[in-house]
Number of protein chains: 2
Amino acid sequence: MTVADRATVVLEKPSALKAAEALKIGLSRRRVAIIVGDCEVEYRGRASSRLESGERVVLIKDDGALLIHRPSGTEPVNWQSPGCTFKTSLSPDEKLIFEASHGAPPETVAISFNTVRLLAVLGLVDKGAFTLYTSEEDMRKAVFLEPSLVEEGFHPITYEKVVPTGFVDCIGKDRDGNFVVVEFKRERASRKAAEQLARYVETLRKGNPKVRGILVAPSLVSDARALLANLHLGFRRVTPKMCAEVLKAKGGLKRGRIIDYGEEKP
Amino acid sequence: MTVADRATVVLEKPSALKAAEALKIGLSRRRVAIIVGDCEVEYRGRASSRLESGERVVLIKDDGALLIHRPSGTEPVNWQSPGCTFKTSLSPDEKLIFEASHGAPPETVAISFNTVRLLAVLGLVDKGAFTLYTSEEDMRKAVFLEPSLVEEGFHPITYEKVVPTGFVDCIGKDRDGNFVVVEFKRERASRKAAEQLARYVETLRKGNPKVRGILVAPSLVSDARALLANLHLGFRRVTPKMCAEVLKAKGGLKRGRIIDYGEEKP
DNA sequence: GAATTAATGTCGATT
DNA sequence: AATCGACGTTAATTC
């Protein structure tokens, strides 16, 4: 991408004609465009919809995706998946018309702008890698696949067992055959986490005084460290990264949990 | 919302300080903000993620929602649901830092901007109603609930039956006990749709010459009308709206198929 | 408020 | 290409 291609076009309250021109040029160069303005939207495809006039943010991406966002809410009110063909035009009454069409299945989103408050056309470069680290759920999976993450010789028996005081993340046995209660925390564990583990261990020690407890987390706050020491409970440092690596190596990672985009899509 | 509140702030390549000031004022007034720039993103919550530096579009909505979009793809790479608390600040090395936090469950998205190419703060007003009309699937449901949509005395027997030449949307019997093949089209039906129906009817007439065919759609192109007439096939006008009303009345409409937002959320 | 279910789901992997 | 399954799913509805 040349310097010229990265040039930004920003138009405040452009005429429909100016906006149409800037859009046509920008989209032919596969830039990203943002349009803010009062508009009406029609969608026809798997379903059909109509959105009456109001002010929205329209985002057109360089892969031919389209998103129309209202001023509130997480989800787009209308959208079009990547690979659209765009058509920019002026209506008989001089309004900016923007259409995004898809071949298969045939779908079209048509936007008619009553006013354009802002139009920006930008060439964006994004080659940054995205990594989604493991969740608490994945920590459990990693420990199932590689029990030594908790302790050498550990082997898990049950997960998420219900005890009178709540849920126990994992119960297993150590190399000597003693029961071990394991509590996972994906982030630095607080005193509360240590208390939770203590409660579970206490409950289970009523039936068997040899029950041990281990808190598994990337790190501990000092309060938690003190409490664990007092109650003769263990701690094992396990980071999300370590879990991710285990899951990757042992194939327990089903899909999408670790995502790595090193390159832009072609 | 007063005229002053609707004033647009658009800054190209602002300094981090200028951007921070504009954002603070804008977000305190619950405006919508768009930031385009090179940034890094960290998320911590149910899972955690890290996004290395690259250029993205950040959209902050007036209900406290946050979306971070890469230049391609339909879905945001990171996001935060409505109701966030925002924090704008400058890092020791003068970078714009933007954090969006949620109480329950505790989640945070932190964005560090290396550069800001564009910042827009706008008060948007959107009271337009959104209506999602029925899909082809819902047309079948509507006909199941109200067979007279196809013809007085019609009663459906099977849906999506496999015949040698493809799928038949619906097969039923008319008031005289003759078989009727029904083809649905959610939009103005093309000649192709009529040919499809003709093919199905032809197949079935080999076993029973009295088989009839009816194309159900909101309207017909003239080619299709001619073809249907030639082959003695029927047409019945049924609009998505009619189906939606049947589904609504008869309770076949599960949820969200007709959505009507008449007002902005409080 | 928790649990359930649909979605123009989207996205990635597998057959 | 079609199908399957997970998702920081989200969002609407029912219990």
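First, a word on what this report is: a plain description of the structure on this page. (Residues numbered from 1 in each chain as written. Chains lettered and ligands numbered in written order. Predicted model: local features only at pLDDT ≥ 70, side-chain atom pairs only at ≥ 80, totals over all residues. Heavy atoms only, no water.)

### Remarks on the packing of aromatic side chains
For any pair of aromatic rings, the description consists of the separation of the ring centres together with the inter-plane angle of the planes. Within this structure, the stated rule accounts for two aromatic pairs over all chains. A cation over an aromatic ring shows up here: A:Lys173 above the ring of A:Phe179, its NZ or CZ 4.9 Å from the ring centre. (Phe/Tyr/Trp six-rings, centres within 6.5 Å; stacked < 30°, edge-to-face > 60°. Lys NZ or Arg CZ within 6 Å of the ring centre and 35° of its normal.)

### A word on the environment of A:Asn114
All names here are of chain A. Structurally, Asn114 is set in strand 8 (residues 107-122). Residue class for Asn114 comes out partly exposed when judged on its relative accessible area of 27%. Within the local environment of Asn114, its side chain forms a polar contact with the side chain of Asp38, the two groups lying 2.5 Å apart. A polar atom in the side chain of Asn114 sits 3.0 Å from the side chain of Lys95. (Helix = DSSP H or I, 4+ residues; strand = E, 2+ residues; numbered from the N terminus. Buried < 20%, exposed > 50% of the residue type's maximum accessible area, 1.4 Å probe, protein only. Polar contact = N/O pair within 3.5 Å; in protein donor to acceptor, adjacent residues only side chain to side chain.)

### Details of helix 2 (residues 16-28) of chain A
Residues and elements named next belong to chain A. Over its 13 residues, helix 2 runs 18 Å from end to end, which matches the ideal 18 Å to within 8%, given 1.5 Å per residue. Three or more residues of helix 2 are buried, namely Ala16, Ala19, Ala20, Ala22, Leu23, Gly26 and Leu27. Elements that come into contact with the buried residues of helix 2 comprise strand 1 (9-12), strand 2 (32-44), strand 3 (48-60), strand 6 (85-90), strand 7 (96-102) and strand 8. Taken from the residues just after helix 2, Arg30 is the one with a positive phi, measuring 55°. (Expected span 1.5 Å × (residues − 1). Contact = heavy atoms within 4.5 Å.)

### Some details on the packing of helix 4 (residues 191-205) of chain A against helix 5 (residues 222-230) of chain A
Residue and element names in this part refer to chain A. For the pair helix 4 and helix 5, the least separation of the axes is 7 Å and the interaxial angle reads 25°. One element, helix 4, and the other, helix 5, form an angle in the roughly parallel class. Residues Arg191, Ala194, Glu195 and Leu197 of helix 4 form the contact with helix 5, whose own contacting residues are Asp223, Ala224, Leu227 and Leu228. When grouped by side-chain class, the residues that make up the contact of helix 4 with helix 5 number five nonpolar, no polar and three charged. (Axes fitted to C-alpha atoms, helices over the stretch in contact; angles between N-to-C directions. Parallel < 35°, antiparallel > 145°, perpendicular 65-115°, else oblique. Nonpolar A, V, L, I, M, F, W, Y, C, P; charged D, E, K, R; others polar.)

### Description of the environment of B:Asp62
All names here are of chain B. Tracing the backbone through its elements, the reader meets Asp62 in the loop between strand 3 (48-60) and strand 4 (66-69). Taking the relative accessible area as the measure of exposure, Asp62 reaches 16% and is therefore buried. Separated by 70 residues in the primary sequence, Asp62 and Leu132 have C-alpha atoms spaced 24 Å apart.

### Regarding the interface of chain B and chain A
At the interface, 61 residues of chain B touch 60 residues of chain A. Interface area lost by chain B to chain A is led by B:Pro71, B:Arg117 and B:Asp126, which between them contribute 13%. The tally of links from chain B across to chain A stands at four salt bridges. A salt bridge links A:Asp126 to B:Arg56, with the shortest nitrogen-to-oxygen separation between them at 2.6 Å. Taken together, the connections running from chain B to chain A amount to 28 residue pairs in polar contact (both at pLDDT 80 or more). Among the elements of the structure, strand 1 (9-12), strand 2 (32-44), strand 3, strand 4, strand 5 (78-80), strand 8 (107-122) and strand 9 (130-133) of chain B are those that each provide at least two residues to the side of chain B that touches chain A. If you tally residues by element for the side of chain B that touches chain A, the top one is strand 3 of chain B, at eleven residues. Class assignment of the residues belonging to the side of chain B that touches chain A gives a composition of 25 nonpolar, 17 polar and 19 charged. Across four bridges, strand 3 of chain A lies against strand 9 of chain B in antiparallel orientation. (Buried area = accessible area lost by both parts, 1.4 Å probe. Salt bridge = Lys/Arg side-chain N within 4 Å of Asp/Glu carboxyl O. Pairing = 2+ DSSP bridges.)

These results come straight from atomic positions and should not be treated as a statement about function.
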